[in-house]
Every structure is written in structure tokens, then in C-alpha cells.
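In case you want the letters, here they are:
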Amino acid sequence: MSDETATAMYRTRTDAVTTDVGEGRPVVFAHGTLMDRTMFAPQLEALRDEYRAVAYDLRARTDWYAPGYDLWDLADDCDALLDGIGEDSAVVAGMSMGGFMGLRFALEYPERVDGLVLIDSMAAPHTAEEQEVYGDLVEPLERSREATPRELADGVTGYLFGETTREEKPELVETWVDRWATYPGAAVYHELHSWLDRPDVTDRLSEIDVPVLIVHGEEDPSIDPSRAEPMLEELPDAEMELIPEAGHTSNLERAEAANDAIRSFLDERF
């Protein structure tokens, strides 16, 4: 299966991979590893009165989850998605992996980006130590069409959710563990490897001359807020909003605070 075939899905089967609500300036949401487009349900609800809010499933949550692909392939998918929804450009909002992709989309397709929202993401790569830990975690899944083992799904909650959420919203965490335990192992393997050894793009951020909002959970256990802050220095037009009592999925864990930040940014800048 070629990357062209996988990318074409976003142009020709758009309705099957998106949730599309509202009318107005388009805002396109791209999820992070292990998540899916439903993680943005609170944002779509908050924006639908004045914006066209579109969340989509990246390759790992579709039937085109293998073989290997990288973040530039995912940027091509996003380009095809804009064709599929009939928009020339959009504000692209990406969480974690979706943000890694969003930065590369802005570099590869600058004319299609009106602005960026980077949720619990960063421009720098992961450390060699992190790459080894994450790589070892998914290595047994490489060729598995079986569901991801429940114990692995349980084990990664500490990476995805903040301490407050794990204590106060166990039902939210459990809902996602149930979902992760249904994914084909190979889908998780290829998803993680799409970004695991990505090069640093910090030195290219000056090329991204559109308004950027950085939204970050104060309790993010995977990407500490301090790792997102350098983007403020390098991006020509960026601001940052910290979300208290939220972890790596801050837009889901503290949806109201995240919605306020995103809505204010969109209303003021667009």
C-alpha cells in the first residue's frame, strides 16, 4: 500500500474520517498518539456556533495504519483533508503528535495555514533515552494484528493524563484504556514510530509567520511545559496558555479552560 493511496483516503473518504460541525472559518483538529478525533468533542461543541470545526482520525485510527510512515506523510494527509472538506486553508490545531505534524504542515504547505494551535506539543525531538523507552514499549507490537494488550494500555495512562485527572477523573482515564485495548498492535507501533526519531525543527520555526497559540497542561507528564516554551522565542507570533491541573491531554482533561484559551485566541486573531 503506497503513501499516495493512504493520503487519497482523506480526499475521497473525508466523511468517514472526520467529524465536521458548524460554519465559518475552518479549524482542523489533529489528535495525538493513542487518541482519536473524539478527544476534541469539547472543542467542536465550543466552536460550532461561529467556526467550522473539523476533527479527523490520523492514519493509525483508520484501516491504513501500516506500513511505516512519518510526520511528513501525515502532513500530506492533512493537505488532502483540506481538499476533501473544500477549504483552501485553515487554522490547524494539533495535540502532541498532531502538533508535531502541524508544525511540519505549516513548513510544507504554508499557504494552507491561517494559524496554529499546539496542544501539549513541542518543536524539539525526544531525547535518546525517551526514544529507547518508548521504542522498547511498543517493540512487541510491530507485526501484531491482535488487540493491544490491556496491561500495556493500563501502563501508558501515566504518560497521557496528569496526576489530578488520574485521581479525580478515573472514569475518563478508564474510558480511554478500554479504547486503546481494542487497537491493532501494529497500528500503535507505526503511530509511535512516525514521530519517535523525528529531527528537530526549532531552527525553522521563524518560517512559520502566522499566529500560534501554545496550550499546555501544567501537569503534562510526557512533555513538560518548559519543553514547549522555547517555541515562544523562535516563532514570530506566538503566545502560550498553561492549563492548571491538566496533563498531556489538557484539552480533554480541563476542557473548559482549554476552550476558553482557544476561543479567545481565535476570536481575537481571526
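Everything numeric here is computed off the predicted structure, so don't read it as measured data. (Residues numbered from 1 in each chain as written. Predicted model: local features only at pLDDT ≥ 70, side-chain atom pairs only at ≥ 80, totals over all residues. Heavy atoms only, no water.)

Q: Describe the overall build of the protein chain, listing the residues and the values that go with them.
A: What the protein chain contains, in helices and strands, is 15 helices and seven strands. For the C-alpha atoms alone, the extent of the protein chain along its principal axes is close to 45 × 40 × 35 Å. Counting the 270 residues in the protein chain, one finds 57% classified as buried. Contacts in the protein chain between residues far apart in sequence, at least 24 positions, make up 80% of those at least 6 positions apart. Carbon and sulfur atoms make up 44% of the accessible area of the protein chain, which amounts to about 10,900 Å² in all. Computing the positive centroid from 22 side-chain charges and the negative centroid from 60, the protein chain places the two 5 Å apart. (Helix = DSSP H or I, 4+ residues; strand = E, 2+ residues; numbered from the N terminus. Buried < 20%, exposed > 50% of the residue type's maximum accessible area, 1.4 Å probe, protein only. Contact = heavy atoms within 4.5 Å. Areas by Shrake-Rupley, 256 points an atom, 1.4 Å probe, with all protein chains shown as cover. Lys, Arg positive; Asp, Glu negative; His and termini not counted. Charge placed at Lys NZ, Arg CZ, Asp CG, Glu CD.)

Q: Which residues make up empty space enclosed by the protein, and what values do they have?
A: Under the defined criterion, the tally for this structure stands at three cavities of 30 Å³ or more. The space that makes up the largest cavity amounts to roughly 250 Å³. Along the wall of the largest cavity there are 19 residues; nearest its centre are Thr33, Tyr134, Leu160, Leu192 and Trp195. Elements supplying a minimum of two residues to the lining of the largest cavity: α5 (97-108), α6 (128-138), α8 (157-160) and α11 (185-193). In terms of residue count, α6 provides more of the lining of the largest cavity than any other element does, three residues in total. (1 Å grid on protein atoms, 1.4 Å probe; cavity = no way out; pocket = protein on both sides within 12 Å on 5 of 7 lines; lining within 4 Å. Points joined across faces, edges and corners; volume = space filled by probe spheres on them.)

Q: Could you give me a rundown of a negative patch on the surface, with the residues and numbers involved?
A: Together, Glu239, Glu241, Glu256, Asp260 and Glu268 make up a negatively charged patch on the protein surface. When contributions to the negative patch are tallied by element, the ones reaching two or more residues are β7 (238-243) and α15 (255-269). Here the negative patch gets three residues from one element, more than from any other, and that element is α15. (Patch = residues over 30% accessible without salt bridge, like charges linked within 9 Å, V, L, I, M, F, W, Y side chains within 5 Å. Salt bridge = Lys/Arg side-chain N within 4 Å of Asp/Glu carboxyl O.)

Q: Quick rundown of the UniProt feature "domain: AB hydrolase-1" (unreviewed entry) in the protein chain? Include the residues and the values.
A: The UniProt record marks residues 26-254 with the feature "domain: AB hydrolase-1" (unreviewed entry), using the residue numbering of this structure. In the segment residues 26-254, helix accounts for 41% and strand for 16%; the C-alpha atoms at its two ends are 23 Å apart. (UniProt positions renumbered as here; feature names shortened; annotations may be inferred.)

Q: Report on the environment of Glu241, specifying residues and quantitative values.
A: Mapped onto the secondary structure, Glu241 falls in strand β7. Taking C-alpha positions, Glu241 is 34 Å from Thr148, a pair spaced 93 residues apart along the chain. Excluding anything up to four places from it in sequence, Glu241 contacts Leu213, Ile214, Val215, His216 and Ala261.

Q: Quick rundown of the side chain of His216? Include the residues and the values.
A: Relative to the helices and strands, His216 is located in strand β6 (residues 212-217). Polar side-chain contacts of His216 include one of 3.2 Å to the side chain of Asp220. (Polar contact = N/O pair within 3.5 Å; in protein donor to acceptor, adjacent residues only side chain to side chain.)

Q: Lay out the nonpolar core in plain terms, naming residues and giving numbers.
A: Ranked by internal contacts, the top residues of the largest apolar core, which has 89 residues, are Met101 and Trp180. Looking at this core, the element that brings in the most residues is helix α4 (residues 71-85), giving eight residues. (Core = buried A, V, L, I, M, F, W, Y, C linked by side-chain atoms within 4.5 Å.)

Q: Talk me through the sheet that holds strand β4 (residues 90-95); I want residue IDs and the actual numbers.
A: Sheet strands line up and pair through hydrogen bonds in the backbone, either parallel or antiparallel. Taking strand neighbours across the sheet as the criterion, the seven strands line up as β1-β3-β2-β4-β5-β6-β7 in an open arrangement whose pairing is mixed. Since the sheet does not close on itself, it has two edges, and those belong to β1 (18-21) and β7, each with one partner. With direction set aside, neighbouring strand axes in the sheet form an average angle of 15°. Sitting on the sheet, α5 is in contact with β2 (25-30), β3 (51-56), β4 and β5 (113-119), with an inclination near 145° to β4. (Pairing = 2+ DSSP bridges. Axes fitted to C-alpha atoms, helices over the stretch in contact; angles between N-to-C directions.)

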